[in-house]
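If you want the building blocks of each chain, they are given just below.
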Amino acid sequence: MNPVYSVIVPCYNEEACISETHRRLSEVMRGMNESYEILYINDGSRDKTALMLDDLAASDPAVRVIHFARNAGHQIAVSAGLDYASGKAVVIIDADLQDPPEVIPQMAEKWKAGAQVVYGKRGVRHGESKFKLLTAKWYYRVLRKLAGNAFPEDTGDFRLADRQVVDVVKNMPEHARYLRGMFAWAGFKQEALVYERDKRFAGETHYPLKKMLKLAAHGVMSFSEKPLLWPLWLGLVLLGIGAVVLLKVIVFGLLGYSQAASVVPMLLLLGFGAVLAALGVIGAYLARVYEEVKGRPLYVVARTLGFDKPTLPTGTRMKS
Ligand code: UDP
Ligand code: MG
């Protein structure tokens, strides 16, 4: 029998956190009085994480462990968890107790009341640098401008998702994974749950600036084609100004005024404008190629009526 809840916990060098995380998480899950499994994904840790997880699996029948052969990154670790999870609802939570497990029952309540994704929205954030808070705030604002308002602000991967939505995300085969965006893309009934984000229980962040920037780039580049078109718009503006200068050179030249001073700016505007516009045209095609390569489902069906087949959760690419 599939459990009601699967909890996915990605772990990378978390030896200092795992015991306490498992203790608090298990307490919360037991308190919910329904079946559950906890999936720990060891993302190629080099410390004692692997041993500790094996011990947990040996002593707790609710524990499942997936050991990666090497570090693949947080988003991939969570994706593996989604593949292996069998619960009716799936919870994604960090291993460092920054996302308090005690919030999970509230998420489950909202799920039972009909929400299909309950995402944790960070109210207060403890123990984060000013730099991180400020960049995160602006990043989500820019992302919403570029990719659309379906992307919730101040939201990480801490969430509960219904099986139906999990199956949709599993059917998005892209490698550049930005899971919070993929869940938003799926649609369905999504609700926020505001929570206080704690500071790390122990250890240090495994998201140095470089990984952070990579994730941020995935967010923009996997969900917006607008940047690829920017050169086109800029090029057209320059061509427009260049054309006005050209007209001026011709008219005033014919009237006998010297136009020598205008010729170089005019050529620069027309030249750069043409090059940028051409780049933008390439960008427009590239955006289409990228869209095809991503291979996402064309549409996501929430439910159907009047067919004798069971509802297919996703579009044409659903394998079944
Ligand atoms: N993590 C992972 N693989 C990585 C980096 C991080 O599985 O390559 C896990 C980590 O163990 C934690 C979660 O992802 O459970 C979030 O990482 P972290 O707390 O270091 O990031 P921060 O909260 O500082 O953004
Ligand atoms: Mg953390």
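Quick look at the structure, then. (Residues numbered from 1 in each chain as written. Chains lettered and ligands numbered in written order. Predicted model: local features only at pLDDT ≥ 70, side-chain atom pairs only at ≥ 80, totals over all residues. Heavy atoms only, no water.)

## What about the overall build of the chain?
1) Next: Along its length, the chain carries 10 helices and seven strands.
2) Next: In terms of its C-alpha atoms, the chain occupies a principal-axis envelope of roughly 95 × 55 × 35 Å.
3) Next: Taking all 320 residues of the chain together, the buried fraction comes to 47%.
4) Next: Contacts in the chain between residues far apart in sequence, at least 24 positions, make up 79% of those at least 6 positions apart.
5) Next: When the accessible surface of the chain is totalled, it reaches about 17,100 Å², and 64% of it is carbon and sulfur.
6) Next: For the chain, the separation between the mean place of its 40 positive charges and that of its 32 negative charges on side chains is 7 Å. (Helix = DSSP H or I, 4+ residues; strand = E, 2+ residues; numbered from the N terminus. Buried < 20%, exposed > 50% of the residue type's maximum accessible area, 1.4 Å probe, protein only. Contact = heavy atoms within 4.5 Å. Areas by Shrake-Rupley, 256 points an atom, 1.4 Å probe, with all protein chains shown as cover. Lys, Arg positive; Asp, Glu negative; His and termini not counted. Charge placed at Lys NZ, Arg CZ, Asp CG, Glu CD.)

## Some words on the environment of Ala161
1) Next: Secondary-structure assignment places Ala161 in strand 6 (residues 155–162).
2) Next: Residue classification places Ala161 among the buried residues on the basis of a relative accessible area of 1%.
3) Next: When the C-alpha positions of Ala161 and Ile92 are compared, they lie 8.4 Å apart, and in sequence the two are 69 residues distant.
4) Next: Beyond its immediate sequence surroundings of up to four residues, Ala161 is in contact with Lys88, Ala89, Val90, Gln116, Val117, Val166 and Phe183.

## Examining the coordination of the magnesium ion (ligand 2)
For a metal with four tetrahedral donors the ideal donor-metal-donor angle is 109.5 degrees, whereas six octahedral donors ideally subtend 90 or 180 degrees.
1) Next: The protein atoms donating to the magnesium ion (ligand 2) are Asp96 (OD) and Gln98 (OE1), with metal-donor distances spanning 1.9 to 2.0 Å. Each of the two residues, Asp96 as well as Gln98, counts as buried. (Donors = N, O, S within 2.8 Å, 3.2 Å for Na, K, Ca; no water.)

## Things to note about the packing of helix 1 (residues 18–31) against helix 2 (residues 49–59)
1) Next: Here helix 1 crosses helix 2 at 30 degrees, and the two axes come no closer than 10 Å. Classified by the angle their axes make, helix 1 and helix 2 are roughly parallel. Read as a crossing pair, helix 1 and helix 2 show a hand that is right-handed. Along the contact surface, helix 1 presents Ile18, Ser19 and His22, while helix 2 presents Thr49, Met52, Leu53 and Leu56.
2) Next: When the residues that make up the contact of helix 1 with helix 2 are grouped by side-chain class, the tally is four nonpolar, three polar and no charged. (Axes fitted to C-alpha atoms, helices over the stretch in contact; angles between N-to-C directions. Parallel < 35°, antiparallel > 145°, perpendicular 65-115°, else oblique. Left-handed = near helix turned anticlockwise from the far one by under 90°. Nonpolar A, V, L, I, M, F, W, Y, C, P; charged D, E, K, R; others polar.)

## What about the site of ligand 1?
1) Next: Around ligand 1, the structure places 19 residues, and the nearest of them are Glu14, Asp43, Gln98, Thr205 and His206.
2) Next: The backbone of Ala95 places a nitrogen or oxygen atom 2.8 Å from an oxygen atom of ligand 1.
3) Next: Here Lys211 contributes a side-chain N or O atom positioned 2.9 Å from an oxygen atom of ligand 1.
4) Next: Protein coverage of the free-state accessible area of ligand 1, which is 530 Å², stands at 96%.
5) Next: When the residues that make up the shell around ligand 1 are grouped by side-chain class, the tally is five nonpolar, six polar and eight charged. (Near = heavy atom within 4 Å. Polar contact = N/O pair within 3.5 Å; in protein donor to acceptor, adjacent residues only side chain to side chain.)

## Re the layout of surface pockets
1) Next: Of the volumes computed, that of the second largest pocket is approximately 260 Å³.
2) Next: For the second largest pocket, the lining is made up of 14 residues, of which Met221, Ser224, Glu225, Leu228 and Tyr290 are closest to its centre.
3) Next: If you list the elements that add at least two residues to the lining of the second largest pocket, you get helix 8 (209–223), helix 9 (226–254) and helix 10 (260–294).
4) Next: It is helix 10 that provides the largest number of residues to the lining of the second largest pocket, a total of five residues. (1 Å grid on protein atoms, 1.4 Å probe; cavity = no way out; pocket = protein on both sides within 12 Å on 5 of 7 lines; lining within 4 Å. Points joined across faces, edges and corners; volume = space filled by probe spheres on them.)

## Regarding the sheet that holds strand 3 (residues 63–67)
1) Next: Pairing in this open sheet of seven strands is mixed, and the strands run 3-2-1-4-6-5-7 from one edge to the other. Every interior strand has two partners, whereas the edge strands, strand 3 and strand 7 (190–197), have only one. For this sheet, the mean inter-axis angle between neighbouring strands, taken without regard to orientation, is 25 degrees.
2) Next: Pairing geometry for strand 1 (residues 5–11) and strand 4 (residues 89–92), over four bridges, is parallel. The partner of Val7 across the bridge, within strand 4, is Val91.
3) Next: Along the sheet face, helix 6 (residues 163–170) touches strand 4, strand 5 (117–125) and strand 6 and points at about 120 degrees away from the line of strand 6. (Pairing = 2+ DSSP bridges.)

## Here we look at the nonpolar core
1) Next: Ile8, Leu82, Tyr139, Tyr178 and Phe183 are the most contacted members of the largest nonpolar core, which has 36 residues in total.
2) Next: Counting residues per element, this core draws most heavily on helix 5 (residues 130–147), which supplies five residues.
3) Next: Residues in contact with Phe183, not counting those within four places in the same chain, are Leu82, Ile92, Val117, Arg159, Ala161, Val165, Val169 and Gln190.
4) Next: Membership of the second largest hydrophobic core comes to 32 residues, among which are Val9, Ala95, Val118 and Leu160. (Core = buried A, V, L, I, M, F, W, Y, C linked by side-chain atoms within 4.5 Å.)

## Quick look at the environment of Leu215
1) Next: Checked against the element boundaries, Leu215 lands in helix 8.
2) Next: Sequence separation between Leu215 and Thr155 is 60 residues; the distance between their C-alpha atoms is 14 Å.
3) Next: Not counting residues up to four positions away in its chain, the partners in contact with Leu215 are Gln75, Tyr139, Arg177, Tyr178, Arg180 and Tyr207.

## A few points about empty space enclosed by the protein
Summary: where empty space remains is shown by rolling a probe the size of a single water molecule over the atoms.
1) Next: Scanning the entire structure with this criterion turns up one cavity of 30 Å³ or more.
2) Next: Of the voids in this model, the largest cavity is the one considered here, and its volume is about 50 Å³.
3) Next: What lines the largest cavity is Tyr140, Leu143, Phe151, Pro152, Thr155, Arg159, Tyr178, Arg180 and Gly181.
4) Next: Of all the secondary structure elements, the ones that give two or more residues to the lining of the largest cavity are helix 5, strand 6 and helix 7 (179–186).
5) Next: Tallied by class, residues from the lining of the largest cavity come to five nonpolar, two polar and two charged.

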